[in-house]
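For reference, the chains in residue letters:
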Amino acid sequence: MTVYRAAMAHVRLLLGITAFGVIATIFFERSFGHSILPFAITALVLFAANRRLARFACPRCGSNLFVRRRIALPWPNRTCSQCGLDLKTEAG
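Heads up: these notes are all about the structure in this document. (Residues numbered from 1 in each chain as written. Predicted model: local features only at pLDDT ≥ 70, side-chain atom pairs only at ≥ 80, totals over all residues. Heavy atoms only, no water.)

## Focus on the environment of L65
Within the fold, L65 resides in the loop between α2 (37–49) and β1 (67–68). Setting aside its immediate chain neighbours within four residues, L65 contacts V3, Y4, A7, F56, A57, C58, W75, P76, N77 and L87. (Helix = DSSP H or I, 4+ residues; strand = E, 2+ residues; numbered from the N terminus. Contact = heavy atoms within 4.5 Å.)

Right under this line is the structure:
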């Protein structure tokens, strides 16, 4: 699996956690009233899942796939912003 595909799988995981958290929060509020608990749990799960973000780096130069010019974005680069390596075809 390429580094880019692994990073996209991570993005899909985070989107799934977010969607589940929104649905759980809505369900909880309709069933039990207002509470910050489901939102807080979702935030903690997202924080824990996002610790893997540093692992998605260019195999050639080590540049993070989610960072471009010191700005973190929520989707990965298809080509490395440092060395120009095509990350969709390069095995990680």
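## Some details on the packing of aromatic side chains
The tally for this structure, following the rule as stated, stands at 2 aromatic pairs. Look at F28 and F32: their rings are 5.0 Å apart centre to centre, the planes differ by 50°, and that puts the pair in the tilted class. Linking F28 with F32, this pair stays in helix α1 (residues 3–32), spanning 4 residues, or about one helical turn. With relative accessibility at 25%, the residue F28 sits in the partly exposed group. Judged by centre distance (6.1 Å) and plane angle (70°), the rings of F56 and F66 are edge-to-face. Of this pair, F56 sits in the loop between α2 and β1 while F66 sits in the loop between α2 and β1, placing them 10 residues apart in sequence. Like F56, the residue F66 is buried in the burial classification. (Phe/Tyr/Trp six-rings, centres within 6.5 Å; stacked < 30°, edge-to-face > 60°. Buried < 20%, exposed > 50% of the residue type's maximum accessible area, 1.4 Å probe, protein only.)

## Section: the environment of K88
Within the element layout of this structure, K88 appears in the segment after β2 (71–72). Here K88 falls in the partly exposed class, since its relative accessible area comes to 42%. Through-space distance from the C-alpha of K88 to that of L13 is 19 Å; in sequence the pair is 75 residues apart. The residues contacting K88, other than those within four sequence positions of it, are T2, Y4 and R78.

Everything listed here is a matter of geometry and, on its own, says nothing about what the molecule does.
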